[in-house]
Amino acid sequence: MAVMRTALVTGGAAGIGAEICRVLLADGFHVVSVDRNRPDGSSPNRTDLVCDLCDPAATAAAARDIAQLGPVTHVVHNAGSIRANLLEATSAADLAALSQLHLGAAITLVQAVLPHMKAAGGGRIVMLSSRAALGAPTRSVYSATKAGVIGLVRTWSLELAQHGITANAVAPGPVGGTDMFHEVLPVGDPRIAGLAAAIPMKRLGTPQDVANAVRFFLADASGFVTGQTLYVCGGASVGQVPV
């Protein structure tokens, strides 16, 4: 009888995170979801922890709880926030909050499960970056911290390869139908159609598009892929110059 694997997913209550949880549950994982909100519904194979990952003390407490749940060998750090502001309005508080959420929380949570990964002789870490890591107006703090995610996975890939642990990033472009997207562009905003038209694939991404990429990096068959960033953006990261 196969042993059920356990995956830790942050921001698993809604949007992209909820779709990642759905995919992993369908693949036979037990999922530990960490989110500031409790998700709708439940599953016997999902453990839901409520935690604001912008709070370092709360994150450390959640990490201790997760370490007591049993071996975790798959981590998906998906939780994120944008805090869009022009440079003049960007604050030190924004920087501190998103540095903790996108980087600090990832370090704390991975540290908690890393002993189990090393003991198991392998594991998978997937971090959600963003196409905005390449730069985007009003995204000073978001772009900087999402670029930092890429630095983390490149460094972790080198440190952890000897233990059979891979670390990779998925960098989505605009993904419709998520709370984070609609915090910037409300449902029905005419700018959404213009944004979709500007993407080479002529549409917004979906949570399923992102979950499929995460699933690839988590697969047993992907053990020779590490330190990479996969842009799931419909071609938006490539750039085009009108002729």
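Treat the numbers as computed from the prediction; the structure is a model and nothing was measured.

Caption draft 1: Geometry of the nonpolar core. Of all hydrophobic cores here, the largest spans 37 residues; its most connected members are Leu8, Leu53, Ile66, Ile125, Met127 and Trp156. Looking at this core, the elements that each hand over two or more residues are strand 2 (30-35), helix 2 (56-69), helix 3 (92-120), strand 5 (123-128), helix 4 (140-160) and strand 6 (165-172). At 11 residues, helix 3 tops the list of elements feeding residues into this core. Leu8 has contacts with Val32, Val34, Ile66, Val72, His74, Val75, Val76 and Leu109, leaving out every residue within four places of it along the chain. By size, the runner-up hydrophobic cluster in this structure holds 20 residues, among which are Ile20, Val23, Val31 and Phe217.

Caption draft 2: Representation of the sheet that holds strand 2 within the structure. Strands sit in the order 3-2-1-4-5-6-7 across an open sheet of 7 strands; the sheet is parallel. The open sheet has two free edges, formed respectively by strand 3 (46-50) and strand 7 (229-232), since each of these has just one partner strand. Strand after strand, the sheet turns through a mean of 15° between neighbouring axes, direction not considered. Inspection of the sheet shows strand 2 paired to strand 3 by 5 bridges, in the parallel sense. The residue bridging Val34 from the neighbouring strand is Leu49, located in strand 3. Across the face of the sheet, helix 1 (residues 15-26) comes into contact with strand 1 (6-10), strand 2, strand 3 and strand 4 (74-77) while running at roughly 170° to strand 1. Each of strand 1, strand 2 and strand 3 is contacted by helix 2, which is oriented at about 170° to strand 2, the strand it contacts most.

The rules behind these values
Residues numbered from 1 in each chain as written. Predicted model: local features only at pLDDT ≥ 70, side-chain atom pairs only at ≥ 80, totals over all residues. Heavy atoms only, no water. Core = buried A, V, L, I, M, F, W, Y, C linked by side-chain atoms within 4.5 Å. Buried < 20%, exposed > 50% of the residue type's maximum accessible area, 1.4 Å probe, protein only. Helix = DSSP H or I, 4+ residues; strand = E, 2+ residues; numbered from the N terminus. Contact = heavy atoms within 4.5 Å. Pairing = 2+ DSSP bridges. Axes fitted to C-alpha atoms, helices over the stretch in contact; angles between N-to-C directions.

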